[in-house]
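Commentary on secondary and tertiary structure
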Amino acid sequence: MKVLVVFYSMYGHVYRLAEAIAEGARTVAGTQVDMRRVPETLPEEALKKMGAVDAQKAFAHIPVCKIEELASADAILFGAPTRFGNMCGQMRQFLDAAIQLWVSGALVGKAGSVFTSSATQHGGQESTILSFHITLLHLGMVIIGLPYTFQGQMRIDEITGGSPYGASTIAGGQGERMPSENELAAARFQGKHVATIASKLTK
Ligand SMILES: Cc1cc2nc3c(=O)[nH]c(=O)nc-3n(C[C@H](O)[C@H](O)[C@H](O)COP(=O)(O)O)c2cc1C
């Protein structure tokens, strides 16, 4: 059973969640987990201005995803930072190249799940995940979220990401905050949950 974790990250927050998602998925027996990043679309100059060049070196070793790789996975977890309450353009552009997969129905019946990051606490994590789900539904995927059996999303003693829609983190206005232990636990839970359901779907 193959689980693919596909993400875009500019400063490393979504990448950190992606690692925890993969870690969770790997705990399910018989699961092969691969990580991929979607192609960068911004020119080097823009990335320099945005202060992203050094941060992106930390995950430069992760192979860039080819659109056909989505078809060979049994479950796909997508990670994208919030951009004005939606998925980032890099992920949008990547998915817009999936038209052949839509035509052939290659993703129909596969498990799909989403996680995200935003600068601010109410900056659009839920809208990013829910609007991402629309694309997954068009592709025929079976959407999986983060159930409340992950009790960490009930916490009010600390600021935390994570909702029934999926794991998330709050990066801070300057990207100064990295995922907390609770947010990483949510991501691990989601990875394991998706892999568990996907292994049932593939039987
Ligand atoms: C063009 C642009 C739009 C953004 N829009 C939002 C937004 O709507 N809400 C928010 O809280 N953060 C917003 N952010 C901040 C990003 O979500 C934040 O940098 C990201 O979550 C960090 O994750 P990463 O390090 O994995 O890229 C925006 C950033 C950029 C560059």
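Residues numbered from 1 in each chain as written. Predicted model: local features only at pLDDT ≥ 70, side-chain atom pairs only at ≥ 80, totals over all residues. Heavy atoms only, no water.

**Comments concerning helix α4 (residues 89-96)**
Gln90, Met91, Phe94 and Leu95 are the residues of α4 that are buried. For α4, the buried positions fall inside an angular range of 130° around the axis, keeping them on one side. α4 presents Gln93 and Asp96 as exposed residues on the side facing more than 90 degrees away from its buried surface. Next to the buried residues of α4 lie β1 (2-7), β3 (75-83), β4 (86-87) and α6 (125-138). (Buried < 20%, exposed > 50% of the residue type's maximum accessible area, 1.4 Å probe, protein only. Helix = DSSP H or I, 4+ residues; strand = E, 2+ residues; numbered from the N terminus. Arc of directions from axis to C-beta. Contact = heavy atoms within 4.5 Å.)

**Let's talk about the site of the ligand**
Taken together, 17 residues lie near the ligand, and Ser9, Met10, His13, Ser117 and Gly123 sit nearest. Thr82 places a polar main-chain atom, nitrogen or oxygen, 2.8 Å from an oxygen atom of the ligand. Taken together, the elements giving at least two residues each to the shell around the ligand come down to α1 (13-26), β3 and β5 (111-118). The element that contributes the greatest number of residues to the shell around the ligand is β3, accounting for three residues. Along the lines of polarity and charge, the residues of the shell around the ligand split into seven nonpolar, nine polar and one charged. (Near = heavy atom within 4 Å. Polar contact = N/O pair within 3.5 Å; in protein donor to acceptor, adjacent residues only side chain to side chain. Nonpolar A, V, L, I, M, F, W, Y, C, P; charged D, E, K, R; others polar.)

**What to know about α6**
For α6, spanning 14 residues, the distance from its first C-alpha to its last is 21 Å, which sits close to the expected 20 Å at 1.5 Å a residue. Here α6 has its buried residues at Gln125, Thr128, Ile129, Phe132, His133, Thr135 and Leu136. With its buried residues spanning 160° around the axis, α6 presents them on a single face. More than 90 degrees from the buried face of α6, the exposed residues found are Leu137 and His138. Where α6 terminates, the next one or two residues include Gly140, which has phi positive at roughly 85°. (Expected span 1.5 Å × (residues − 1).)

From the geometry alone we can't say anything about function, so treat these as descriptive.
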